[in-house]
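# Architecture and fold: a report
Next come the chains, spelled out residue by residue.
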Amino acid sequence: MELYPIIEKSDSDSIKSFQEGKLRELLIYLENHSPYYQKLFKENNIDISHINFLEDLQKIPTTSKNDIQQNNDDFFCVPQNEIVDYSTTSGTLGDPVTFGLSDKDLERLAYNEAISFACAGVKKGDVVQMITTIDKRFMAGLAYFLGLRKMGASVVRMGPGIPELQWDSIFRYKPKYLITVPSFLLKMIDYAEKHHIDYKNSSVYGAICIGEGLKNQDFSDNILSKKIKERWNIQLFSTYASTEMSTAFTECEFQVGGHHHPELIITEILDENENPVKEGESGELTITTLGVEALPLLRFKTGDLVKAHYEPCKCGRNTMRLSPVIGRKQQMIKYKGTTLYPPAMNDILNDFNNILCYQIVIQSDEIGLDEIIIKLSTDNEDENFVNEVRDHFRAKLRVSPKIEVVDFDVLSKNVFNPNSRKPINFIDLRA
């Protein structure tokens, strides 16, 4: 298998022409097999023979998460007896949605992760420890395993949590890479230091990090990334994906954004009026999947706000690169005239070593305005600590949220819920 696809190093015109050919194939497939898109084309008088260029996509209405929730079965393009695996979304922005994968889709998923891991530097023969679940209908965990197997790497399936077992496995099997939520690395470091484990001389070279941001918009390390690297000198690679996309955007060794795989997905960055943003501006990532058999999507709005970077990368790829996620569109907070997204508040809270865990709760007050409550657990007994946190918010974001100190045993059960695939650091209670 080609781990470094030629199309990714082709010029931009060749990439565009290649994608337009794939788009025409997808439209024919949807018209023949998708009940949902058959109805969409008919209701909007769309003649797919007139959709020949990427720019023509704007003639087609977008698809939302709500559309899939309300019409889940109509999105399936193959009969049930051809579904090999059922996965669901994480439910971050609402009720989980069911996705089925055919045998061909599983092959595509494996290919996607193999070339994504190769982009981050993983090679055949490397040992990789998965600190992620592979069960509970979690597509990503399955994708990681299939991709590593396809590229010839060795997999240590540890699953999340339990630092003691993670370190036992690291010194037993000597993995070069870990796949993990980055904040868990801090828990592993804390455990290692407490139990005198020589973690700095372990086999681990780097970690491929999921679920939490590592970079600022200028690709510099954010606070979480700095805190990890200050204590453990390993490489941290960001990867961004979703169940709906069945595609990953992963950093290369130069770590300046997640690389686009043009053979797998078409991307658009749209403003609030669903028009393409100008180059350098942020907007909602909207995707069209290529090569998906069971549940392909056309112009699906992900809800994630990002920027696209088009200049060639030093690694030789000419593909578009995605910025770190600025925030989720539905998680935007208007607080006393200031627009906020949870990642900005995460950075501030991660700046305090004495905060053991935290949860940001957004709710509406009695007159319908957004209200921010920060629940945190701390081992700092100084009565002025809460004021320090509040002052830090004022200095960085010009807001002063309500702060509640909660016992660690109580709060940690909500943040690290065993039924959740990642820490629940944000809860939106607004209607």
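Residues numbered from 1 in each chain as written. Predicted model: local features only at pLDDT ≥ 70, side-chain atom pairs only at ≥ 80, totals over all residues. Heavy atoms only, no water.

### Looking at the overall build of the protein chain
A tally of regular secondary structure across the protein chain gives 11 helices and 21 strands. Taking 2.2 N^0.38 as the reference for a compact globule, 431 residues should give roughly 22 Å; the C-alpha atoms of the protein chain span a radius of gyration of 22 Å, in line with that estimate. Expressed as lengths along the three principal axes of its C-alpha atoms, the size of the protein chain is roughly 70 × 60 × 45 Å. Taking all 431 residues of the protein chain together, the buried fraction comes to 53%. Put simply, of all contacts in the protein chain between residues at least 6 apart along the chain, 66% involve residues at least 24 apart. When the accessible area of the protein chain is evaluated, it comes to approximately 20300 Å², of which 47% is carbon and sulfur surface. Counting 49 positive and 62 negative side-chain charges, the protein chain places the centres of these two groups 3 Å from one another. (Helix = DSSP H or I, 4+ residues; strand = E, 2+ residues; numbered from the N terminus. Rg over C-alpha atoms; globule rule 2.2 N^0.38 Å. Buried < 20%, exposed > 50% of the residue type's maximum accessible area, 1.4 Å probe, protein only. Contact = heavy atoms within 4.5 Å. Areas by Shrake-Rupley, 256 points an atom, 1.4 Å probe, with all protein chains shown as cover. Lys, Arg positive; Asp, Glu negative; His and termini not counted. Charge placed at Lys NZ, Arg CZ, Asp CG, Glu CD.)

### Observations regarding the domain arrangement of the protein chain
Per the domain assignment, the segments of the protein chain are domain 1 (1–327) and domain 2 (332–428). Listed per partner, the contact involves 21 residues of domain 1 and 15 residues of domain 2. A combined buried area of about 1400 Å² lies between domain 1 and domain 2, and 54% of that area is made up of carbon and sulfur atoms. In this assembly, domain 1 and domain 2 are joined by 0 salt bridges. Taken together, domain 1 and domain 2 are joined by 2 residue pairs in polar contact (both at pLDDT 80 or more). Among the secondary structure elements, those contributing two or more residues to the side of domain 1 that touches domain 2 are α7 (182–194) and α8 (223–231). Here the side of domain 1 that touches domain 2 takes 3 residues from α8, the largest share from any one element. Looking at the side of domain 1 that touches domain 2, its residues break down into 7 nonpolar, 9 polar and 5 charged. (Domains from an automatic or database assignment. Buried area = accessible area lost by both parts, 1.4 Å probe. Salt bridge = Lys/Arg side-chain N within 4 Å of Asp/Glu carboxyl O. Polar contact = N/O pair within 3.5 Å; in protein donor to acceptor, adjacent residues only side chain to side chain. Nonpolar A, V, L, I, M, F, W, Y, C, P; charged D, E, K, R; others polar.)

### Considering the sheet that holds strand β15 (residues 327–328)
Strand order in the open sheet made by the 4 strands is β10-β11-β12-β15, with antiparallel pairing throughout. The open sheet terminates on both sides in strands that have one partner only, identified here as β10 (265–270) and β15. (Pairing = 2+ DSSP bridges.)

### Concerning the sheet that holds strand β19 (residues 370–378)
Taken in spatial order, the 4 strands of this open sheet run β20-β19-β18-β21, and their pairing is mixed. In this open sheet, the two strands that pair with only one neighbour each are β20 (402–405) and β21 (426–428). Recorded for the sheet is a direction-independent mean angle of 20 degrees between the axes of neighbouring strands. Pairing geometry for strand β18 (residues 355–364) and β21, over 3 bridges, is parallel. Counterpart to Ile 362 in the pairing with β21 is Asp 428. (Axes fitted to C-alpha atoms, helices over the stretch in contact; angles between N-to-C directions.)

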